[in-house]
Amino acid sequence: MLSRQDYIDFLLDHYQNPRHHGKIENAEVVRPGGNPGCGDVITLYLKVDPETEKLSELTFEGEGCTISQASTSVLTEMVEGMTLTEIEDMGHDDLLDTLGRDVVMSRPRCAMLSLDTLKSAVREYRQQQRQAEAARGE
Ligand code: FES
């Protein structure tokens, strides 16, 4: 079982060496998210395989506290290869458990900025698809 210190080290590693960091130039969705309480921000870049509805690429940029940025990096690894429905079904607990509940529980808004922004990015993708279908007369 991981100790509290293990979780802290895990988060610091993700903060210092963020995974999937950067822009995707031809992303289907570019979704900013922010925490109004503190001004910390992230931007997610998504590409989706339309056939399988699996995330084919997810990257991020951001500026903010250790937990918000580490959480976003961890999330990009957690959801690799997931379908949009699997992401829609993810709950806050799934992410909290991975981040280390004891460590991030006192800062839930920092921890959940990543997942909440990803869910709104998925909603935006769905809406784009519906609009495209409507435009094609489907
Ligand atoms: Fe702003 Fe953590 S203090 S997201």
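This text goes with the structure placed above it.
The rules behind the values
Residues numbered from 1 in each chain as written. Predicted model: local features only at pLDDT ≥ 70, side-chain atom pairs only at ≥ 80, totals over all residues. Heavy atoms only, no water. Core = buried A, V, L, I, M, F, W, Y, C linked by side-chain atoms within 4.5 Å. Buried < 20%, exposed > 50% of the residue type's maximum accessible area, 1.4 Å probe, protein only. Helix = DSSP H or I, 4+ residues; strand = E, 2+ residues; numbered from the N terminus. Contact = heavy atoms within 4.5 Å. Pairing = 2+ DSSP bridges. Axes fitted to C-alpha atoms, helices over the stretch in contact; angles between N-to-C directions. Parallel < 35°, antiparallel > 145°, perpendicular 65-115°, else oblique. Left-handed = near helix turned anticlockwise from the far one by under 90°. Nonpolar A, V, L, I, M, F, W, Y, C, P; charged D, E, K, R; others polar. Salt bridge = Lys/Arg side-chain N within 4 Å of Asp/Glu carboxyl O.

J.: Explain the nonpolar core to me, please; I cannot follow it from the model alone.
T.: Side chains that are nonpolar tend, in soluble globular proteins, to be buried together. Counting 33 residues, the largest nonpolar core has Leu46, Leu55, Val79, Val104 and Leu118 as its most contacted members. Secondary structure elements with two or more residues in this core: β2 (40-49), β3 (54-63), α2 (66-78), α3 (84-89), α4 (92-99), α5 (101-104) and α6 (108-136). With nine residues, α6 is the single largest residue contributor to this core. For Leu55, the contacting residues outside a window of four places in its chain are Leu46, Lys47, Val48, Val79, Gly81, Met82, Leu84 and Ile87.

J.: So what exactly am I meant to see when it comes to the sheet that holds strand β1 (residues 29-35) here?
T.: Within the open sheet, the three strands sit side by side as β1-β2-β3. Their pairing is antiparallel. Every other strand in the sheet has two partners, leaving β1 and β3 as the edge strands with one partner each. Across the sheet, the mean angle separating the axes of adjacent strands is 20° when strand polarity is ignored. Here α2 sits on the sheet in contact with β2 and β3, set at roughly 165° to β3.

J.: When you look at the packing of α2 against α6 in this model, what are you seeing that I'm missing?
T.: For any two helices packed against each other, one specifies the crossing angle of their axes together with the interaxial distance. One way to put it is that α2 packs onto α6 with a least axis distance of 7 Å and a crossing angle of 45°. The orientation of α2 with respect to α6, classified from their angle, is oblique. Considering the relative orientation of α2 and α6, their crossing is right-handed. Counted together, Ile67, Ser68, Ser71, Thr72 and Leu75 of α2 and Cys110, Ala111, Leu113, Ser114, Leu115 and Leu118 of α6 form the full contact between these two elements. Here the contact of α2 with α6 is composed, by residue class, of seven nonpolar, four polar and no charged.

J.: Can you walk me through the environment of Tyr7 in this structure?
T.: Mapped onto the elements, Tyr7 comes out in helix α1 (residues 4-16). When the C-alpha atoms of Tyr7 and Asn35 are compared, they prove to be 23 Å apart, with 28 residues separating the residues in sequence. With sequence-adjacent residues up to four places away left out, Tyr7 is seen in contact with Leu2, Asp97, Thr98, Leu99, Gly100 and Val103.

J.: Is there a simple way to explain the pattern of salt bridges in this structure?
T.: Two side chains that carry opposite charge are able to pair once their charged atoms sit near each other. Applying the stated rule across the entire model yields nine salt bridges. Asp13 is the salt-bridge partner of Arg19, the closest N and O atoms lying 2.7 Å from each other. A relative accessible area of 31% means that Asp13 is categorised as partly exposed. For Glu28, the salt bridge goes to Lys47, with nearest N and O atoms at 3.9 Å. You can see Glu28 sitting in the loop between α1 and β1 and its partner Lys47 sitting in strand β2, a full 19 residues away along the chain. The structure contains a network of salt bridges with shared partners spanning Asp13, Arg19 and Glu77.

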